[in-house]
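Okay, here's what each chain looks like letter by letter:
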Amino acid sequence: LAALKAVDEEARPAIVRIYRGKDGTPDRFALWSSNRFRDREGEIVSAKALHRAIARFDAGSVDAQPDVYHVPGSEWGRVELMDYVDGFLMAAGTVTRPDVAAKIEAWGAKEELGTSIGYRYWDSDLVDGVYSDLEINRITVLPRNRAANPWGPQDAVRLGRREMGFDPAKREAMIELFGADQT
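Residues numbered from 1 in each chain as written. Predicted model: local features only at pLDDT ≥ 70, side-chain atom pairs only at ≥ 80, totals over all residues. Heavy atoms only, no water.

(A) Here's a closer look at the confidence of the model for the protein chain. Per-chain confidence: the protein chain averages 83 in pLDDT, with 81% of residues scoring 70 or above. Mean pLDDT across the secondary structure elements of the protein chain bottoms out at helix α1 (residues 2-8), with 37, and peaks at helix α3 (residues 98-110), with 95. When the criterion is pLDDT under 50, residues 1-12 qualifies, and its contacts beyond four places in sequence or with other chains add up to 7 contacts. (pLDDT = per-residue confidence, 0-100. Helix = DSSP H or I, 4+ residues; strand = E, 2+ residues; numbered from the N terminus. Contact = heavy atoms within 4.5 Å.)

(B) Seen up close, the nonpolar core. Ranked by internal contacts, the top residues of the largest apolar core, which has 31 residues, are Trp-76, Val-79, Met-82, Ile-104, Ile-136 and Val-141. Of all the elements in the fold, those that place two or more residues in this core are β1 (16-20), β2 (26-35), α2 (47-59), β5 (77-85), β6 (88-95), α3, β7 (113-120) and β10 (135-143). It is α2 that contributes the most residues to this core, 5 residues altogether. With residues near it in sequence (within four places) discarded, Ile-136 still touches Ala-53, Val-62, Asp-63, Ala-64, Met-82, Leu-89, Ile-117, Gly-118 and Tyr-119. (Core = buried A, V, L, I, M, F, W, Y, C linked by side-chain atoms within 4.5 Å. Buried < 20%, exposed > 50% of the residue type's maximum accessible area, 1.4 Å probe, protein only.)

(C) Local environment of α3. Look at α3: 19 Å from first C-alpha to last across 13 residues, which is about the 18 Å you get at 1.5 Å a residue. Within the sequence span of α3, burial applies to Val-100, Ala-101, Ile-104 and Trp-107. Summarising the axial view, the buried residues of α3 lie within an arc of 115°, below the 170-degree limit, and thus occupy one face. Along α3, exposed side chains directed more than 90 degrees from the buried face belong to Ala-109 and Lys-110. For α3, the elements touching its buried residues are β1, β2, β4 (65-68), β6, β7 and β10. (Expected span 1.5 Å × (residues − 1). Arc of directions from axis to C-beta.)

(D) A look at the sheet that holds strand β3 (residues 44-45). Judged by pairing direction, the sheet is mixed, and its 3 strands sit side by side in the order β3-β9-β8 without closing on themselves. The two strands at the open ends of the sheet, each matched to only one other strand, are β3 and β8 (126-127). (Pairing = 2+ DSSP bridges.)

(E) Seen up close, the sheet that holds β6. The antiparallel open sheet is built from 4 strands, whose spatial order is β1-β2-β6-β5. Looking along the sheet, the strands with just one partner apiece sit at the ends: β1 and β5. Between one strand axis and the next, the sheet turns through 20° on average, direction left out of account. With 7 bridges joining them, β2 and β6 adopt antiparallel strand pairing. Directly across from Ser-34, in β6, lies its bridge partner Leu-89. Packed onto the sheet, α2 meets β2, β5 and β6 and runs at close to 140° relative to β5. Sheet strands in contact with α3 are β1, β2 and β6, and its direction is about 125° off that of β1. (Axes fitted to C-alpha atoms, helices over the stretch in contact; angles between N-to-C directions.)

So this is what it looks like as structure tokens:
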């Protein structure tokens, strides 16, 4: 009975994570920023589109920065890693504005935060509400209830089957960045 109750209970680890360095200053972040599930607007960013966006990022042909509410000039970090994990897009990187990151961390203590991607696409890449390709150029932090896509990895059991996780090279990088206990 306890196991059944645990499955029913809300489990919402943060979609927005700020990590502090040894000196206590915010210096790294991890954002669960998109996924392959239908959003509140009835659209789906397909796994194919997310993989293509990651390939562009890995090739260095596109730069994605975290910001707040999609507002130009509110950038507070530099994305260094993007990967597709269990149907979700994860982005991690370095904080470039520790003062803003600290305020985002405090905001997250008062209100559940979410993320939203900023992207460009061709009209032909959106068919029947499903994106087959897009180019991610920012990942924004905002209240979770304002995000078009509210789903995070903690919702995977409700949303569908689980998929294979990190490829070995990116898993190694994540362990180096965040430690094995956080990967």
